[in-house]
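Summary of structural features
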Amino acid sequence: MPAHLWKIATGAGAAALAAVTAYDLTQRRHSILRSYPVLGHMRYLLEEVRPELQQYFIERNWDGRPFDRDTRTVIYERTKGIHGEQAFGTERDVEEPGYEWLVQTIAPVPAPAAPPRVVVGGPDCRRPYSMSLLNVSAMSFGALSANAIRALNRGAAAGGFAHDTGEGGLSEHHRENGGDLIWELGTGYFGARTETGEFDPERFARRAADPQVKCVSLKLSQGAKPGIGGVLPAPKVTAEIARVRGVPVGEKCVSPPAHSAFSTPAGLIRFVARLRELSGGKPVGIKLCVGSRVEVLSLCKAMRAVGTAPDFIIVDGSEGGTGAAPLEFEDTVGMPLTEGLMLVDSALRGAGLREAVKVGAAGKVAVGSDIVKRLIQGADFTLSARAMMMAVGCIQAQKCHTDRCPAGVATQDPRRARSLDVADKSERVQRYQRSTVAEAVRLMASMGVSDPARLTPEMLRRNTGPHRSSSYGELYGRLAPGQLLTDPPADWAHDWARASAEGFPQP
Ligand SMILES: Cc1cc2nc3c(=O)[nH]c(=O)nc-3n(C[C@H](O)[C@H](O)[C@H](O)COP(=O)(O)O)c2cc1C
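As a convention, each chain's residues are numbered from 1 in the sequence order in which they are written. In view of the model being predicted, local features appear only for residues whose pLDDT reaches at least 70, and side-chain atom pairs are presented and counted only at 80 or more, with totals across whole chains, interfaces and linings using the full set of residues. To get the side-chain values, all heavy atoms of the structure are used, and hydrogens and water are removed first.

1. Observations concerning the overall build of the protein
- Helix and strand assignments come from DSSP, with helices taken as H or I runs of at least 4 residues and strands as E runs of at least 2, each series counted from the N terminus. Per the secondary structure count, the protein includes 20 helices and 15 strands.
- Taken against the 2.2 N^0.38 rule, which gives 23 Å for 507 residues, the C-alpha radius of gyration of the protein at 24 Å falls within 12% of a compact globule.
- In terms of principal-axis extent, the alpha carbons of the protein reach across some 95 × 60 × 40 Å.
- To sort residues, take the accessible area from a 1.4 Å probe on protein chains only and compare it with the maximum for the residue type: under 20% means buried, over 50% means exposed, and anything in between is partly exposed. Taking all 507 residues of the protein together, the buried fraction comes to 53%.
- The contact criterion used is simple: two residues touch if any of their non-hydrogen atoms lie within 4.5 Å. Taking contacts inside the protein between residues at least 6 apart in sequence as the whole, the part at least 24 apart equals 70%.
- The positive count covers Lys and Arg only, the negative count covers Asp and Glu only, and His and the chain ends enter neither. Just so you know, the charge point we use is NZ for Lys, CZ for Arg, CG for Asp and CD for Glu. Charged side chains of the protein number 61 positive and 55 negative; the gap between the two group centres comes to 5 Å. We compute the radius of gyration over the C-alpha atoms and compare it with the globule rule, which gives 2.2 Å times the number of residues raised to the power 0.38.

2. Comments concerning helix H13 (residues 337-350)
- For a helix, the expected span equals 1.5 Å multiplied by the number of residues minus one. Over its 14 residues, H13 extends 19 Å from the first C-alpha to the last, a length consistent with the 20 Å expected when each residue adds 1.5 Å.
- Within the sequence span of H13, burial applies to Leu337, Thr338, Gly340, Leu341, Met342, Leu343, Val344, Asp345, Ser346, Ala347, Leu348 and Gly350.
- Of the residues flanking the end of H13, it is glycine 352, one or two places downstream, whose phi is positive at about 70°.

3. Some remarks on the site of the ligand
- Taken together, 22 residues surround the ligand, and among them Ala138, Glu184, Gly321, Lys364 and Arg386 come closest.
- Under this definition, polar contacts are N or O atom pairs within 3.5 Å; protein pairs additionally need one hydrogen-donor-capable and one acceptor-capable atom, and for neighbouring residues in sequence, both atoms have to be side-chain atoms. In the environment of the ligand, an oxygen atom lies 2.6 Å from a nitrogen or oxygen atom belonging to the backbone of alanine 138.
- Alanine 385 places a polar main-chain atom, nitrogen or oxygen, 2.8 Å from an oxygen atom of the ligand.
- Values of accessible area rely on a 1.4 Å probe in the Shrake-Rupley scheme; residue burial ignores everything except the protein chains shown. Considered on its own, the ligand offers 600 Å² of accessible surface; in the complex 98% of this is hidden by protein.
- Amino acids outside the nonpolar list (Ala, Val, Leu, Ile, Met, Phe, Trp, Tyr, Cys, Pro) and the charged list (Asp, Glu, Lys, Arg) are all regarded as polar, and Gly is one of them. Taken together, the residues of the shell around the ligand sort by class into five nonpolar, 10 polar and seven charged. Throughout, near means a residue has at least one heavy atom within 4 Å of the molecule or strand.

4. Let's talk about the packing of aromatic side chains
- Note on aromatic contacts: the rings of Phe and Tyr and the six-membered ring of Trp form a pair at centre separations within 6.5 Å, being stacked when their planes are under 30 degrees apart, edge-to-face when over 60 apart, and tilted otherwise. Counting across every chain of the model gives eight aromatic pairs.
- Between the aromatic rings of tyrosine 99 and tryptophan 101, the centroid separation amounts to 6.1 Å while the plane-to-plane angle is 20°, which identifies the pairing as stacked.
- Since its relative accessible area comes to 16%, tyrosine 99 is described here as buried.
- Assessed through its relative accessible area of 28%, tryptophan 101 is described here as partly exposed.
- The rule is short: NZ of Lys or CZ of Arg within 6 Å of the ring centre and within 35 degrees of the ring normal puts a charge over the ring. For arginine 293, the ring lying beneath its charged end belongs to tryptophan 492, and the centroid distance is 4.4 Å.
- If you follow lysine 364 out to its NZ or CZ, it ends over the ring of phenylalanine 67, 5.9 Å from the centre.

5. Re the state of the cysteines
- Criterion for a disulfide: a pair of cysteine sulfur atoms at a distance within 2.5 Å. Summed over all chains, the structure comprises zero disulfides.
- Considering cysteine sulfurs only, cysteine 125 is the nearest to cysteine 215, which forms no disulfide, with 7.8 Å between them.

6. Describing the domain arrangement of the protein
- With domains assigned, the protein is organised as domain 1 (8-60) and domain 2 (118-498).
- With 10 residues of domain 1 at the contact, the number on the domain 2 side is 12 residues.
- Buried area: the accessible area, evaluated with a 1.4 Å probe, that two parts lose upon being put together, summed over both parts. For the pair domain 1 and domain 2, the summed buried surface comes to about 1,000 Å²; carbon and sulfur atoms form 34% of the total.
- Salt bridges are identified by distance alone: a Lys or Arg side-chain nitrogen within 4 Å of an Asp or Glu carboxyl oxygen. The interface formed by domain 1 and domain 2 holds zero salt bridges in total.
- On the surface where domain 1 and domain 2 come into contact, there are one residue pair in polar contact (both at pLDDT 80 or more).
- At four residues, the largest contribution of residues to the side of domain 1 that touches domain 2 is made by helix H2 (residues 31-35).
- Residue composition of the side of domain 1 that touches domain 2, by class: three nonpolar, three polar and four charged. Each domain span listed reflects an automatic or database assignment of domains.

7. Quick word on the pairing of strand S6 (residues 181-185)
- For S6, the buried fraction is high: five of the five residues fall into the buried class.
- Along S6, one buried face is formed by Leu181, Trp183 and Leu185 and the opposite face, lined by Ile182 and Glu184, is buried too.
- The rule for pairing is simple: two strands pair if DSSP sees at least two bridges between them. Relative to S6, strand S5 (residues 163-164) runs parallel, the two sharing two bridges. Looking at the pairing, aspartate 164 lines up with isoleucine 182 of S6.
- Two strands pair when backbone bridges link them, and S6 and strand S7 (residues 213-219) are joined in this way by five bridges, in the parallel orientation. Bridge pairing in S7 places glutamate 184 opposite serine 217.
- Handedness of the crossover is the feature at issue here: the chain leaves S6, passes through helix H8 (residues 201-208), returns alongside S7, and the resulting connection is right-handed. A clockwise path from the first strand over the helix to the second, with the strands pointing away from the viewer, defines a right-handed crossover.

8. Observations concerning the sheet that holds strand S14 (residues 460-465)
- Pairing within the open sheet is antiparallel, and its three strands lie in the order S1-S14-S15. Only two strands of the sheet have a single neighbouring strand rather than two, namely strand S1 (100-102) and strand S15 (468-471). Going from strand to strand, the sheet's axes swing by 30° on average, the running direction of each strand aside.
- Bridge analysis of S14 against S15 gives four bridges, and the strand direction is antiparallel. From the neighbouring strand, arginine 462 faces S15, where its bridge partner is serine 470.
- As a rule, the C-alpha atoms of each element are fitted with a line to give its axis, helices using only the stretch in contact, and angles between N-to-C directions run from 0 to 180 degrees. Helix H14 (residues 368-376) contacts S1 and S14 of the sheet and is inclined by roughly 85° relative to S1.

9. Describing the packing of helix H11 (residues 293-306) against helix H20 (residues 490-498)
- Relative to each other, H11 and H20 sit at 60°, their axes nearing to 8 Å. Taken together, the axes of H11 and H20 are oblique relative to one another. As H11 packs across H20, the resulting crossing turns out to be right-handed. Between H11, through Arg293, Val294, Leu297, Cys300 and Lys301, and H20, the contact on the second element is made entirely by Asp491, Trp492, Asp495, Trp496, Ala497 and Arg498. Roughly parallel covers angles under 35 degrees, roughly antiparallel covers those over 145, roughly perpendicular covers 65 to 115, and oblique covers all other angles. Crossing chirality is assigned from the near helix's rotation relative to the far helix, an anticlockwise turn below a right angle marking it left-handed and a clockwise turn marking it right-handed.

10. Notes on the environment of threonine 486
- Tracing the sequence through the fold places threonine 486 in helix H19 (residues 483-486).
- The exposed category is assigned to threonine 486, whose relative accessible area is 67%.
- Each C-alpha atom, one on threonine 486 and one on lysine 425, is 52 Å from the other, the two residues being 61 residues apart in sequence.

Given below as structure tokens:
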């Protein structure tokens, strides 16, 4: 080719590249293209020709990731408002042990026009909160970028659901869009602590008075790392994060493993009551990943002894996510959600406390059937962390702990965080939450239920072996109201006798 033609071709190529780069950097739909202009198209190209190529190049290790391809596809489609139907039937092995199914009826009912909600707030709460069936689970500003927090909260405001702040405190990014907040306090008491890290009642009362704060959640533990506190490495403690948390800039920020405000079950319940008073009567609950049954029963005894109860208990499963945790804690500590949830529900029933305490569930809640299963297992409402992250653009790169999140979701790097467009992603959050709850409501209607309170453990079955299945009622049983007080069944009696309001007995 003559030299002048080369020059023209090279110039045209460079101009085209510059145009694509400019377009990628300024468009608002795809965070990946804003972070990786030009190169990022490769991902979307592979998505077009999937499943084979995408699976090979991007998702080789998909089996090991929190959400499988099908779940991920459902989440993404819902964020985009696509209500995919599937041809040809299930690809799952419905005979396989562990396979679960919901029990439908010959007499389905019409789905209610508006999704049911649940009122959170026991007898001592003066400002009950009407909670959606699906909410944003705790994820701190610090673990997530400011733009991710803004998008989640704006989605929550538009969709009428709650957004849990996570233990990293209440920032202006949580408040900018006015979405309902559950303010979480962990062992670091961020945003409500003294110089030396103890709980500061005045600071707490000032912040809890914010009308956007609808509930307060006292975090005892988290499924991905029960028994240890969070650590935010020194370089991530920017001036802004230091201000929100009330800690020194540039110093490693550690949440201790245990609370300093109490040390016994009764002390914990008294602290909950104090937080409720300081907040002006708002619902105050606790969040935990269950360790042992005797500890849960000790909490129940403490509630009875003190004469008040948390307004809600959020049960997190050991399958839950985290921004950063030691692998062995993620893999080997804590009770899975099914077991923990059914235990907490049954214990509260048996101790005659279930009416006063609402139960939330977190742990891989991603699609409508997850919500229904958790409601059947004893939850009144659910919360989702990682599926909500995916709604704001997370691609499960699993780089949260490195500060190099390619989607701008779990990073404090301003260049990466700017790739997340708040307006676009907040709409996705809202669409995802709305259609997931709608699907849950539709599933319940097919089971003949319009009020979730009428779901029973007989409505979920599990393959327990070849050609054998049992209902959750048969597998786990459920205590009758007050049964522990009058006639504890043999398999509960020992733990109930050992449970104490004044200490946490060993399992
Ligand atoms: C990035 C990230 C940060 C989190 N931060 C907190 C936190 O600050 N406090 C907390 O109680 N749980 C935290 N969690 C746990 C979630 O709130 C939730 O309980 C758990 O991930 C289970 O939900 P999932 O399976 O939907 O992710 C975090 C989870 C993730 C993924």
